[in-house]
Amino acid sequence: MNSKVSSEGSKLDGLKWVVVVAIVAAGVVGNSVYSEESLLYRVIALLVLAGVAGFVALQTAKGLAFFTLFKEARSEIRKVVWPTRQETLQTTLIVTVVVLIVGLLLWGLDSLLSLGVAAVIG
């Protein structure tokens, strides 16, 4: 029974993706055809078409998997321990100092090598 439902869903998924592509194409063509209309109306129409296309895409297996992944990613982001302002400032200061020191070392090495090459070449 479940295999029939999943196989029927997969058969209809192709058709649903064709509908999504048709809706997006209609939005692109409609936006260029009605280019003399107000930008506000065209943006509203494109948002509505994007919403409808998104709704149809979410009815497919891949669309549902994407939505599930999106929800799980949001829950993982909430678990992250973000650094405090002081930690961020200290880390930024350390990185800046290290970059300046390495830059000065590379500048000094480049200067010494330039002097050496100039002495050899004459």
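Fair warning: this is a prediction, and the values are worked out from it, not measured in the lab.

### Overview of the overall build of the protein
At step 1: Within the protein one finds four helices and zero strands.
At step 2: Listing the helices and strands of the protein from first to last along the sequence gives α-α-α-α.
At step 3: Its C-alpha atoms give the protein a radius of gyration of 29 Å, clearly above 14 Å, the size a compact globule of 122 residues would have.
At step 4: Its C-alpha atoms put the protein at 80 × 45 × 35 Å along the principal axes.
At step 5: Here the protein, with 122 residues, has 8% of them falling under the buried criterion.
At step 6: Carbon and sulfur atoms form 74% of the exposed surface of the protein, whose accessible area is close to 10,400 Å².
At step 7: Measuring between centres, the 10 positive side-chain charges of the protein sit 10 Å from its 8 negative side-chain charges.

### Details of the domain arrangement of the protein
At step 1: Each assigned domain of the protein is listed here: domain 1 (10-80) and domain 2 (83-121).
At step 2: When each unit is reduced to the centre of its C-alpha atoms, the spacing between domain 1 and domain 2 is 48 Å.

### Looking at the side chain of Arg42
At step 1: Within the secondary structure, Arg42 is located in helix 2 (residues 39-58).
At step 2: If sequence neighbours within four positions are ignored, Arg42 has contacts with Asn31, Tyr34, Ser35 and Glu37.

### A closer look at the pattern of salt bridges
At step 1: In the structure shown here, the tally under the stated rule is one salt bridge.
At step 2: In this structure, Glu76 engages Lys79 in a salt bridge whose closest nitrogen and oxygen atoms are separated by 3.3 Å. Taken together, the residues span about one helical turn, with Glu76 and Lys79 both in helix 3 (residues 61-79) at a distance of three residues.
At step 3: A relative accessible area of 45% means that Glu76 is categorised as partly exposed.

### Here's the deal with helix 4 (residues 85-121)
At step 1: For helix 4, built from 37 residues, the straight-helix expectation of 54 Å at 1.5 Å per residue is met to within 8% by its first-to-last C-alpha distance of 53 Å.
At step 2: Two residues or fewer past helix 4, Gly122 is found with a positive phi of approximately 105 degrees.

### Details of the nonpolar core
Most often, soluble globular proteins keep nonpolar side chains buried together rather than apart.
At step 1: Core analysis: the largest hydrophobic core is formed by five residues, namely Val20, Ile23, Ala53, Val56 and Ala57.
At step 2: For this core, the elements supplying multiple residues, two or more each, are helix 1 (2-33) and helix 2.
At step 3: No other element matches helix 2, which puts three residues into this core.
At step 4: When neighbours within four sequence positions are excluded, Ala57 is seen to be in contact with Trp17, Val20 and Gly63.

### Some points on the environment of Trp107
At step 1: Looking at the secondary structure, you find Trp107 in helix 4.
At step 2: When its relative accessible area of 59% is taken as the criterion, Trp107 is described as exposed.
At step 3: Here the alpha-carbon distance between Trp107 and Ile44, two residues 63 residues apart in the chain, equals 56 Å.

### Some points on the UniProt feature "transmembrane region" (unreviewed entry) in the protein
At step 1: Mapped onto the present numbering, the UniProt feature "transmembrane region" (unreviewed entry) falls on residues 14-34, 40-70 and 91-109.
At step 2: Counted over residues 14-34, helix gives 95% and strand 0%. Its end C-alpha atoms are 30 Å apart.
At step 3: For residues 91-109, the end-to-end C-alpha separation is 27 Å, with 100% helix and 0% strand making up the annotated structure.

### Focus on the environment of Lys16
At step 1: Tracing the backbone shows Lys16 in helix 1.
At step 2: Relative accessible area serves as the criterion here: at 25%, Lys16 is assigned to the partly exposed category.
At step 3: For the pair Lys16 and Ala57, spaced 41 residues apart in sequence, the C-alpha separation works out to 6.8 Å.
At step 4: When residues no more than four places from it in sequence are discounted, the contact partners of Lys16 are Val56, Gln59 and Thr60.

Conventions used here
- Residues numbered from 1 in each chain as written.
- Predicted model: local features only at pLDDT ≥ 70, side-chain atom pairs only at ≥ 80, totals over all residues.
- Heavy atoms only, no water.
- Helix = DSSP H or I, 4+ residues; strand = E, 2+ residues; numbered from the N terminus.
- Rg over C-alpha atoms; globule rule 2.2 N^0.38 Å.
- Buried < 20%, exposed > 50% of the residue type's maximum accessible area, 1.4 Å probe, protein only.
- Areas by Shrake-Rupley, 256 points an atom, 1.4 Å probe, with all protein chains shown as cover.
- Lys, Arg positive; Asp, Glu negative; His and termini not counted.
- Charge placed at Lys NZ, Arg CZ, Asp CG, Glu CD.
- Domains from an automatic or database assignment.
- Contact = heavy atoms within 4.5 Å.
- Salt bridge = Lys/Arg side-chain N within 4 Å of Asp/Glu carboxyl O.
- Expected span 1.5 Å × (residues − 1).
- Core = buried A, V, L, I, M, F, W, Y, C linked by side-chain atoms within 4.5 Å.
- UniProt positions renumbered as here; feature names shortened; annotations may be inferred.

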